[in-house]
Amino acid sequence: VQLQASGGGPVQAGGSLRLSCVASERNFGRMVMSWFRQAPGKGREFVAAINWSGSATYYADSVKGRFTISRDNAKNTLYLQMNSLKLEDTAVYYCAAGSGPRNTVLSYRYEYAYWGQGTLVTVSS
């Protein structure tokens, strides 16, 4: 499975960005998907996850109410809509794909076997 993330860039605090992640996998619709991020000098942390159909989502407390994860299985694409961006959202954002039952959302790094290359989001004041 190859994942290609895009959509990062510079943005002012309070602004919005939408990240995309295109998957090469034909069975994309049967994969649990997520976004993680890694800020400079810090470890990779969970941001959001979504189940096969998009009917179930799960967010880190730090982004809840500001970020929205979604997917379009017909386009093999995962999205992360980021609103009200803060300085502390600056990071490289990674999409990840994993296996799990239909209604599962996964939030641990070890649960994901496939990772994209990351896209940098820089929030400035």
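Residues numbered from 1 in each chain as written. Predicted model: local features only at pLDDT ≥ 70, side-chain atom pairs only at ≥ 80, totals over all residues. Heavy atoms only, no water.

Enquirer: Got a minute to help me understand the layout of surface pockets in this structure?
Expert: Over the atoms rolls a probe the size of a water molecule, and in doing so it shows where empty space is left. Roughly 150 Å³ of internal volume is contained in the largest pocket. As for the largest pocket, its lining consists of Arg-37, Gln-38, Ala-39, Pro-40, Lys-42, Gly-43, Glu-45, Leu-87, Glu-88, Thr-90 and Ala-91. (1 Å grid on protein atoms, 1.4 Å probe; cavity = no way out; pocket = protein on both sides within 12 Å on 5 of 7 lines; lining within 4 Å. Points joined across faces, edges and corners; volume = space filled by probe spheres on them.)

Enquirer: Is there a simple way to think about the state of the cysteines in this case?
Expert: Enumeration according to the criterion identifies one disulfide in this entry. Disulfide pairing places Cys-21 opposite Cys-95 at an S-S distance of 2.1 Å. For the disulfide bridge between Cys-21 and Cys-95, the dihedral angle about the S-S bond is near 65 degrees, and by the sign convention the bridge is right-handed. Here Cys-21, found in strand β3 (residues 17–23), pairs with Cys-95, found in strand β9 (residues 91–98); they are 74 residues apart in sequence, far enough to count as distant. Judged by relative accessible area, Cys-21 falls into the buried class, the value being 0%. In this structure Cys-95 comes out as buried when scored by relative accessible area, which is 0%. (Disulfide = S-S within 2.5 Å. Helix = DSSP H or I, 4+ residues; strand = E, 2+ residues; numbered from the N terminus. Buried < 20%, exposed > 50% of the residue type's maximum accessible area, 1.4 Å probe, protein only.)

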